[in-house]
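Listed here are the chains, written in short residue letters.
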Number of protein chains: 2
Amino acid sequence: MAGGADIKAPSPNENGKAEILKGNLEPTAIEVEPLPPVVPENGVEKPSEKSRNIVLGRNVHSTCLTITEPEVNDEVTGDKEAQMAGVLARYRKNLMERTKYHLGYPYNLDFDYGALSQLQHFSINNLGDPFIESNYGVHSRQFEVGVLDWFARLWEIEKDEYWGYITNCGTEGNLHGILVGREVFPDGILYASRESHYSVFKAARMYRMECVKVDTLVSGEIDCSDLRPKLLANKDKPAILNVNIGTTVKGAVDDLDVVIRTLEECGFSHDRFYIHCDGALFGLMMPFVKRAPKVSFKKPIGSVSVSGHKFVGCPMPCGVQITRMEHINVLSSNVEYLASRDATIMGSRNGHAPLFLWYTLNRKGYKGFQKDVQKCLRNAHYLKDRLHEAGISAMLNELSSTVVFERPRDEEFVRRWQLACEGNIAHVVVMPNVTIEKLDFFLNELVEKRSTWYQGNVQPPCIAAEIGKANCVCALHK
Amino acid sequence: MAGGADIKAPSPNENGKAEILKGNLEPTAIEVEPLPPVVPENGVEKPSEKSRNIVLGRNVHSTCLTITEPEVNDEVTGDKEAQMAGVLARYRKNLMERTKYHLGYPYNLDFDYGALSQLQHFSINNLGDPFIESNYGVHSRQFEVGVLDWFARLWEIEKDEYWGYITNCGTEGNLHGILVGREVFPDGILYASRESHYSVFKAARMYRMECVKVDTLVSGEIDCSDLRPKLLANKDKPAILNVNIGTTVKGAVDDLDVVIRTLEECGFSHDRFYIHCDGALFGLMMPFVKRAPKVSFKKPIGSVSVSGHKFVGCPMPCGVQITRMEHINVLSSNVEYLASRDATIMGSRNGHAPLFLWYTLNRKGYKGFQKDVQKCLRNAHYLKDRLHEAGISAMLNELSSTVVFERPRDEEFVRRWQLACEGNIAHVVVMPNVTIEKLDFFLNELVEKRSTWYQGNVQPPCIAAEIGKANCVCALHK
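Residues numbered from 1 in each chain as written. Chains lettered and ligands numbered in written order. Predicted model: local features only at pLDDT ≥ 70, side-chain atom pairs only at ≥ 80, totals over all residues. Heavy atoms only, no water.

Q: What is the right way to look at the overall build of chain A in this model?
A: Of the regular secondary structure elements, chain A holds 14 helices and 12 strands. Counting only residues that meet the buried cut, chain A has 65% of its 478 residues in that class. Within chain A, contacts between residues at least 6 apart in sequence are counted, and of these 72% link residues at least 24 apart. Of the roughly 16900 Å² that chain A leaves accessible, carbon and sulfur atoms contribute 51%. (Helix = DSSP H or I, 4+ residues; strand = E, 2+ residues; numbered from the N terminus. Buried < 20%, exposed > 50% of the residue type's maximum accessible area, 1.4 Å probe, protein only. Contact = heavy atoms within 4.5 Å. Areas by Shrake-Rupley, 256 points an atom, 1.4 Å probe, with all protein chains shown as cover.)

Structure below.
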């Protein structure tokens, strides 16, 4: 099984034979939203990262906001109410501050849902299937289906040929897509690149599926020359593929067309494979980028998922999952109590999320998203160029707004800007709310800090292994 | 496998041998939030319910709120904004109406989170572990851990001995609890009563676990005289048990102590079984009911889950999951990137839900919940008594506020009051927002309508099989 050195020095399963992921629930693959290991002040890594394991829990525990029993006369004095209002006001201030300095996670923090605040005091639950009304009347299916139709059009599938629902997050989309794949091919083997979201490997463990990890190129894209022998070694079993429409760390887009061609060339007919496209962030950006491999149900794919709180922006995590009706029909064919169709993972579902999505999609429309995407790509190029100008190693994939660069040496700086880090690299995801001004502010601070980190013999790290020699400007490569 | 007649005429797996749930993702067990099969006007059931299968989807599809592309001059004219405001205003009106008439689902619709509306425009995401801070700064872990501590105290487990998180719904709690059980006992067999929430059987399928269904008493409680031989038939494998702290349809509370005793008497030592308590609704009510079997981590249980949107009340579904730290430590021991600890199912998690729960728990406190529970039980008794007085078959379990009664004949009436139905029975779940006035209004309407449904030779159905002869007042049993 994958060990601690898995990512930095990949040791692929040489013979390409499938292995069942056993033992742990935890991801062994690249983390989506990784927490940086603590880098001590003196810059020396701890010998064993394991020592941090569970201890951190205590820290948050000791600073949490304890719930206290109301006093008998609280209603009269209003003390409790006042104390809570104080806590909330301070918290709001803190959120504003944290929102202002955020750069690392792919969340569009620029939204205004004031028009929807009138709905906050309803308990809206779209329980079960979006298309079949439940008896619980306080739902928002009419909005949910409107949103699903919009995405179905985006990904080119007819209204009567798709099924889908609004999920709680990108992970639920991946869990669902891979589950549908497994139900279609119970003995199928899951193939996913090493840089796939960790929920993909979590799914393999949860579902007790055989899983084959595929190598990646420096860009982060799946390496089809590694996929090929692994497919050929397992030709006796159907293939379930996770294709990344934007990897978490590098924003790399797997080439769907090359993946399909590789499957075909290895002798997998269309009824012997299932492709789930994990479009967490870029699933909503790619359609507006020229030259991007198109995600379309006109191709032999089984499902697509995308997050709603990322590019669209939403107060809480949510996502959209679209699959083919025929797959859901297969799943549903033997249900005894037919009004009970529930092919979702969660059953009870947040009815506010569809309202947020419906509101933004309606206001912005395709054209609005196109504009947002163009702005993000432009600003991301600006950031990468400025980093290079400042002598900082950085990479930006062509179809991406994720700028990967040398990990800042100071953990305080990392936390202040809420950067997601992994090993020697960090990234900024340029979202619609990230302006040139914000990037300049960040860049100036980084350059200034950096001049204090790297003095005398202390050199910036070489990150050629992570982002390629061409992008690295370390002492050796510049 | 369970067939269409599963519930009305249970055909238990005679020899008690475990069977792997194969094939469908769909629940074969009793539905939590069941949709009533369509009862045609003439009262004759369709021969095959299957015909309704996927067709219903089209209906919602045709009435959904389509998203349209903004016109070029929309920003000038304000037409789009106005049109959307109109849609939302109508929707709000509809929600108010539906909320007013709701009786069937266990959701407390009585809450006022006005103080929290100032936080709606932040993208709050508690990604990963609640106790380990992520670099994403816009989170609400300090509130989440406060809520978890409150529940840990309620269920009698020390702060440094538990792990937990706030879930998206009761289903996620069950999925998590059963997954932890499976990871602790990879070859364990899952035992659950037939009246368990369908997510329990969904979990068995997802996780490819062997699953044994156990019969229930008329009350809906697990029948330990059926559990015993099934345990004895599978003594070679560890047991993972789902114990219902309030079943979905009848609100029946499995007797945790008797279940544990049965396990012990069958020779299962404490290191050979794992108990997950599904406390969706009643998990938060039982602690305040005298004579109720106590849910406590002082007993050999592994996890407890409860819904947040049910008894507490919340705009969107959520829940609380508490398990033992030792189990999570087992799961986490082999993680390579230790900052990456994520033992949740979802990864990205709604950061608003903890705020809602924190707010209500703080305001109400234990005493407030006690008062709410007493009110609900009292009102539930009132409803049951009035139903009996009116000559309507009805049942109320001692520890429950779920009143089960004869299914109304008119589907229009069922929908109006949003009753959850199953076969010949329906139920009303008396929640804190359900007043005597509302119950009287409902009762009067039911009695009036009923006088038109049952005239001449048309008799109310006998529901003795579902609720027992003592509670049935049909022509035969009254």
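Q: Can you walk me through the UniProt feature "modified residue: N6-(pyridoxal phosphate)lysine" (unreviewed entry) in chain A in this structure?
A: Mapped onto this numbering, the UniProt entry annotates "modified residue: N6-(pyridoxal phosphate)lysine" (unreviewed entry) at Lys310(A). Along the chain, Lys310(A) turns up in helix α9 (residues 309-313). (UniProt positions renumbered as here; feature names shortened; annotations may be inferred.)

Q: Is there a simple way to explain the pattern of salt bridges in this structure?
A: Side chains carrying opposite charge are able to pair once their charged atoms draw close together. On inspection of all chains with the given rule, the structure shows 38 salt bridges over all chains. The partner of Asp385(A) in a salt bridge is Lys384(A), with the nearest N and O atoms 3.8 Å apart. A salt bridge links Asp372(B) to Lys364(B); the nearest nitrogen and oxygen atoms lie 2.7 Å apart. Ionic contacts of the salt-bridge type, sharing partners, join the residues Glu156(A), Lys294(A) and Lys298(A) into one network. (Salt bridge = Lys/Arg side-chain N within 4 Å of Asp/Glu carboxyl O.)

Q: Honestly, helix α5 (residues 170-184) of chain B in this entry has me stumped. Any pointers?
A: In this model α5(B) runs 21 Å from its N-terminal to its C-terminal C-alpha over 15 residues, within 8% of the 21 Å that 1.5 Å per residue would give. Counting buried residues in α5(B) gives 14 out of 15 residues, a clear majority hidden from the surface. (Expected span 1.5 Å × (residues − 1).)

Q: Just to check I follow, could you spell out the domain arrangement of chain A for this structure?
A: Accessible area lost upon the coming together of the parts serves often as the stated size of an interface. Residue and element names in this part refer to chain A. Splitting chain A by domain gives domain 1 (118-363) and domain 2 (365-471). Between the C-alpha centres of domain 1 and domain 2 there is a distance of 29 Å. At the boundary of domain 1 with domain 2, total buried surface from both sides reaches about 2200 Å², with 69% on carbon and sulfur atoms. Arg-291 is the salt-bridge partner of Glu-398, the closest N and O atoms lying 2.8 Å from each other. Elements that contribute at least two residues to the side of domain 1 that touches domain 2 include exactly α4 (141-154), α9 and α11 (352-389). Residue contributions to the side of domain 1 that touches domain 2 peak at 4 residues, all from α11. Partitioned by chemical class, the residues of the side of domain 1 that touches domain 2 number 18 nonpolar, 5 polar and 6 charged. (Domains from an automatic or database assignment. Buried area = accessible area lost by both parts, 1.4 Å probe. Nonpolar A, V, L, I, M, F, W, Y, C, P; charged D, E, K, R; others polar.)

Q: Quick question: what am I supposed to make of unusual backbone geometry here?
A: Negative phi values dominate among residues other than glycine, just as trans dominates among peptide bonds. Phi is positive for Arg291(B), which is not a glycine, with a value near 75°. Within the fold, Arg291(B) resides in the loop between β6 (273-278) and β7 (303-307).

Q: When you look at the packing of helix α7 (residues 224-232) of chain A against helix α8 (residues 256-265) of chain A in this model, what are you seeing that I'm missing?
A: If you want to describe how two helices pack, look at the angle between their axes and the distance between the axes. Residue and element names in this part refer to chain A. Where α7 contacts α8, the axes come no closer than 10 Å and their chain directions differ by 30°. With respect to each other, α7 and α8 are oriented roughly parallel. Between α7 and α8 the crossing geometry is right-handed. Side by side, α7 and α8 meet where Cys-224, Leu-227, Arg-228 and Leu-231 of the first sit next to Val-258, Val-259, Thr-262, Leu-263 and Glu-265 of the second. Split by residue class, the contact of α7 with α8 holds 6 nonpolar, 1 polar and 2 charged. (Axes fitted to C-alpha atoms, helices over the stretch in contact; angles between N-to-C directions. Parallel < 35°, antiparallel > 145°, perpendicular 65-115°, else oblique. Left-handed = near helix turned anticlockwise from the far one by under 90°.)

Q: Teacher, can you tell me more about the confidence of the model for chain A here?
A: As a general rule, the predicted coordinates of low-pLDDT regions are not to be interpreted in detail. All names here are of chain A. For chain A, the average pLDDT comes to 85, and 85% of its residues sit at 70 or higher. Low pLDDT, under 50, characterises residues 1-16; the predicted model gives this stretch 35 contacts beyond four residues in sequence or across chains. Predicted confidence for residues 18-58 stays below pLDDT 50, and this span has 134 contacts to residues more than four positions away or in other chains. If you check the scores for this complex, the pTM reads 0.88 and the ipTM reads 0.88. (pLDDT = per-residue confidence, 0-100.)

Q: Sorry if this is basic, but what is going on with the sheet that holds strand β12 (residues 425-429) of chain A here?
A: Sheet strands pair by backbone hydrogen bonding; their relative direction is either parallel or antiparallel. Residues and elements named next belong to chain A. Strand order in the open sheet formed by 4 strands is β9-β10-β12-β11, and the pairing between neighbours is antiparallel. One side of each edge strand has no neighbouring strand; the edge strands of this open sheet are β9 (394-396) and β11 (420-422). The mean inter-strand angle of the sheet, taken between neighbouring strand axes irrespective of direction, is 25°. Bridge analysis of β9 against strand β10 (residues 402-406) gives 3 bridges, and the strand direction is antiparallel. Looking at β10, one finds that Met-395 is bridged to Val-404. Where α11 meets the sheet, its contacts fall on β9, β10 and β12, and the angle it forms with β9 comes to roughly 160°. (Pairing = 2+ DSSP bridges.)

Q: Which parts of the structure should I look at to understand the side chain of His102(A)?
A: Positionally, His102(A) belongs in the loop between α3 (79-100) and α4. We classify His102(A) as buried; its relative accessible area is 3%. Once residues within four sequence positions are removed from consideration, His102(A) is found in contact with Leu109(A), Trp417(A), Gln418(A), Lys438(A) and Tyr136(B).

Q: Hey, could you run me through the packing of helix α11 (residues 352-389) of chain B against helix α13 (residues 436-453) of chain B in this one?
A: Residue and element names in this part refer to chain B. At a minimum axis separation of 11 Å, α11 and α13 run at an interaxial angle of 20°. As summarised for this structure, α11 and α13 are arranged roughly parallel, according to the angle between their axes. The hand of the α11/α13 crossing is right-handed. In this structure, α11 uses Asn-379, Tyr-382, Leu-383, Arg-386 and Leu-387 to contact α13, whose residues at the interface are Ile-436, Leu-439, Asp-440, Phe-442, Leu-443, Asn-444 and Leu-446. The residue makeup of the contact of α11 with α13, split by class, is 8 nonpolar, 2 polar and 2 charged.

Q: Help me understand the environment of His121(A) in this model?
A: Among the structural elements, His121(A) can be located in the loop between α3 and α4. Here the alpha-carbon distance between His121(A) and Ser193(A), two residues 72 residues apart in the chain, equals 43 Å. Residue contacts for His121(A): discarding those within four places in its chain leaves Arg92(B) and Phe111(B). A distance of 3.5 Å separates a polar atom in the side chain of His121(A) from the backbone oxygen of Gln118(A). (Polar contact = N/O pair within 3.5 Å; in protein donor to acceptor, adjacent residues only side chain to side chain.)

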